[in-house]
Amino acid sequence: MNELNEINLELQPLVTVGTLGRVSNGKSSLIKAFTGISPMKYSNEIKRNMTVKLGFTNIKFYKCEHCPSPECYQINSKECDKCGKLNTLRLYASFCDNPGHTNLLETALTGAASMDFCLMLLSTDCDEDTETISHYKAVKILELEDKTIAIQNKLDLITKEKALESYEKIKKMYNPKYILPACVQFGLGLNYLVQFLVESIPNPINEKLLEKINKPLKGSIIRSFDVNKPGVDAQSLTGAVAGIIIKTNCLRIGDKIKIIPGIISANGNNHPLEAHITSLKTDNDPLTIAYPGGLIGVGLSVDPALGKDDRLVGNYIVRSDDENNKIFKRCTIEYSTYDEDELKLKKKEICIIMASSIKRTAKINWIDTEKKQINIITSTAMAGEISDPIIIT
């Protein structure tokens, strides 16, 4: 199978880069500085000036082979804005803007579970940052430490001495592999960040991608919509649209897939959905095939009402004949704790479990500290397979 030669880097993002950090640390401002467009698109987000839902933005990073670094690295520009010559596309990535507020931690963890690389925004004028500490715990649990860049933001608000003190504090508290200083609001330091991203993230069209393509289909539904406008006639209705991050294999128009666990009834039981893929898009560019990597807009042959207001979020898509993923309400989890901390959960305690975009309230049946296992039961069906990572909060 020589599939790698058929993949065009221009057509779809093959990498997902997420932003994490406390509310107001500059996550949404960074995306806006890159693209000129705010990732906060919902009225509630604009009114509160904070990210509430996961916001995805696709960005193309180009390099001019004739200009010096870091000015040679440019965003969404096929021609160099310095010398006018044609740029070379070096990286196409989906950027996921995660909420930073404590009350939206579960949403942030959903985004973190889909990241290939992470930008952790840290504000130099903030001494107490419990939300970012929680986010960094997720980074370590998901084994993303070596793929995380700490951005020391808001340097314009403090003195040089305070900035150096903050730098040492960041090293001591998080011990990140990379720390880059910046002032996102005024665009200072972003050219070096772009250079670092392009030079640090390897070409995604590689053997690792081929390994993913050769595995059974699995994708996580991150967002879902009803794109039909009010008053549209029945003949013009289109099915639900889902924002999907493909974990393994690929999707083609016409493919028959299954959505699991599916629609959840009032008693917590599930009803899997079967559908055909009717369209594939990234931004406004139509695709005939979609590979693992960034967010893909997928048209589905199901009632559009099922996609309204993210109703399909918390589902996987698999092949209609898939037998690897099971639907269950009870399972046993092998656990590890952050920095080998003592396990704080107790028998019969109620907790939140996260498996990709699936979020459930669960009750702990038993805990075996010697085998490091926890048995949980949920009132609502969920789906997954052995070896799927799960976060318990």
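Residues numbered from 1 in each chain as written. Predicted model: local features only at pLDDT ≥ 70, side-chain atom pairs only at ≥ 80, totals over all residues. Heavy atoms only, no water.

Draft legend 1. Spotlight on the overall build of the protein. A tally of regular secondary structure across the protein gives seven helices and 21 strands. Looking at the protein as a whole, 50% of its 393 residues qualify as buried. When contacts within the protein are restricted to residue pairs at least 6 apart in sequence, long-range pairs at least 24 apart make up 73% of them. Carbon and sulfur atoms form 49% of the exposed surface of the protein, whose accessible area is close to 19,500 Å². (Helix = DSSP H or I, 4+ residues; strand = E, 2+ residues; numbered from the N terminus. Buried < 20%, exposed > 50% of the residue type's maximum accessible area, 1.4 Å probe, protein only. Contact = heavy atoms within 4.5 Å. Areas by Shrake-Rupley, 256 points an atom, 1.4 Å probe, with all protein chains shown as cover.)

Draft legend 2. Representation of the sheet that holds strand β20 (residues 373-384) within the structure. Strand order in the open sheet made by the five strands is β17-β20-β19-β18-β21, with antiparallel pairing throughout. Each edge of the open sheet carries a strand with a single partner, namely β17 (326-334) and β21 (391-392). Here eight bridges tie β17 to β20, and the two strands are oriented antiparallel to one another. In the strand pairing of β20, arginine 330 is matched with isoleucine 377. (Pairing = 2+ DSSP bridges.)

Draft legend 3. Region of interest: the pattern of salt bridges. In this structure the tally under the stated criterion is eight salt bridges. Across the pair glutamate 10 and lysine 60 runs a salt bridge whose closest N-O atoms are separated by 3.5 Å. Here lysine 60 lies in strand β2 (residues 55-63) and glutamate 10 lies in the segment before β1 (15-20), a separation of 50 residues in the sequence. Residue lysine 60 is classed as buried on the basis of its relative accessible area of 15%. Glutamate 168 is the partner of lysine 171 in a salt bridge, and the nearest nitrogen-oxygen pair spans 3.7 Å. In this pair, lysine 171 and glutamate 168 both sit in helix α5 (residues 160-174), three residues apart, roughly one turn of the helix. Since its relative accessible area comes to 44%, glutamate 168 is described here as partly exposed. The network of salt bridges with shared partners includes Lys218, Glu385 and Asp388. (Salt bridge = Lys/Arg side-chain N within 4 Å of Asp/Glu carboxyl O.)

Draft legend 4. Inspection of the side chain of asparagine 153 at higher detail. Along the polypeptide, asparagine 153 turns up in strand β6 (residues 148-153). Classification of asparagine 153 by relative accessible area gives buried; the value is 3%. Among the polar contacts made by the side chain of asparagine 153, one reaches the main-chain carbonyl oxygen of asparagine 25 at a distance of 2.9 Å. Filtering out sequence-adjacent residues up to four positions away, asparagine 153 remains in contact with Asn25, Gly26, Leu121, Leu122, Ser123, Thr124, Ala182, Cys183 and Val184. (Polar contact = N/O pair within 3.5 Å; in protein donor to acceptor, adjacent residues only side chain to side chain.)

Draft legend 5. Focus on the packing of aromatic side chains. Evaluation of the coordinates by the stated rule reveals four aromatic pairs. Between phenylalanine 61 and phenylalanine 95, the aromatic rings sit 5.9 Å apart at their centres with planes inclined by 50 degrees, giving tilted as the arrangement. You can see phenylalanine 61 sitting in strand β2 and its partner phenylalanine 95 sitting in strand β4 (residues 88-97), a full 34 residues away along the chain. Each of the two residues, phenylalanine 61 as well as phenylalanine 95, counts as buried. One aromatic cluster is present, built from ring pairs that chain together Phe34, Phe61 and Phe95. In this structure, lysine 60 packs its charged tip against the face of tyrosine 92, placed 4.9 Å from the ring centre. (Phe/Tyr/Trp six-rings, centres within 6.5 Å; stacked < 30°, edge-to-face > 60°. Lys NZ or Arg CZ within 6 Å of the ring centre and 35° of its normal.)

Draft legend 6. Representation of the nonpolar core. Residues Leu30, Phe95, Leu119, Leu193 and Leu197 are the most contacted members of the largest nonpolar core, which totals 29 residues. Counting residues per element, the ones that place at least two in this core are β1, α1 (27-35), β2, β4, β5 (117-123), β6 and α6 (190-200). Counting residues per element, this core draws most heavily on α6, at five residues. In this structure, leucine 30 is in contact with Thr19, Leu119, Leu121, Ile151, Val184, Leu190 and Leu193, ignoring residues within four places of it in sequence. Among the nonpolar cores identified, the runner-up in size contains 21 residues, and Leu217, Ile244, Val298 and Leu312 belong to it. (Core = buried A, V, L, I, M, F, W, Y, C linked by side-chain atoms within 4.5 Å.)

Draft legend 7. How the structure looks around the state of the cysteines. Evaluation of the coordinates by the stated rule reveals zero disulfides. As a non-bridged cysteine, cysteine 80 has cysteine 67 as the owner of its nearest cysteine sulfur, 3.7 Å distant. Cysteine 351 provides the cysteine sulfur closest to cysteine 331, a residue in no disulfide bond, and the two sulfurs are 10.0 Å apart. You can call cysteine 331 buried: its relative accessible area is 15%. (Disulfide = S-S within 2.5 Å.)

Draft legend 8. Looking closely at the pairing of strand β8 (residues 218-225). Of all eight residues making up β8, seven are buried, and the element is well covered by its neighbours. In this sheet, strand β9 (residues 241-248) lies alongside β8 in antiparallel orientation, the contact comprising seven bridges. Opposite isoleucine 221, over in β9, you have isoleucine 244 as the bridge partner. Relative to strand β16 (residues 316-319), β8 is paired through two bridges, and the arrangement is antiparallel.

Draft legend 9. Quick peek at the packing of α1 against α6. The N-to-C vectors of α1 and α6 enclose an angle of 85 degrees; their axes lie 12 Å apart at closest approach. Relative to α6, the element α1 lies roughly perpendicular. Each of Leu30, Ala33 and Phe34 in α1 lies in contact with α6, whose residues at this interface are Leu190, Leu193, Val194 and Leu197. In terms of residue class, the contact of α1 with α6 is built from seven nonpolar, no polar and no charged. (Axes fitted to C-alpha atoms, helices over the stretch in contact; angles between N-to-C directions. Parallel < 35°, antiparallel > 145°, perpendicular 65-115°, else oblique. Nonpolar A, V, L, I, M, F, W, Y, C, P; charged D, E, K, R; others polar.)

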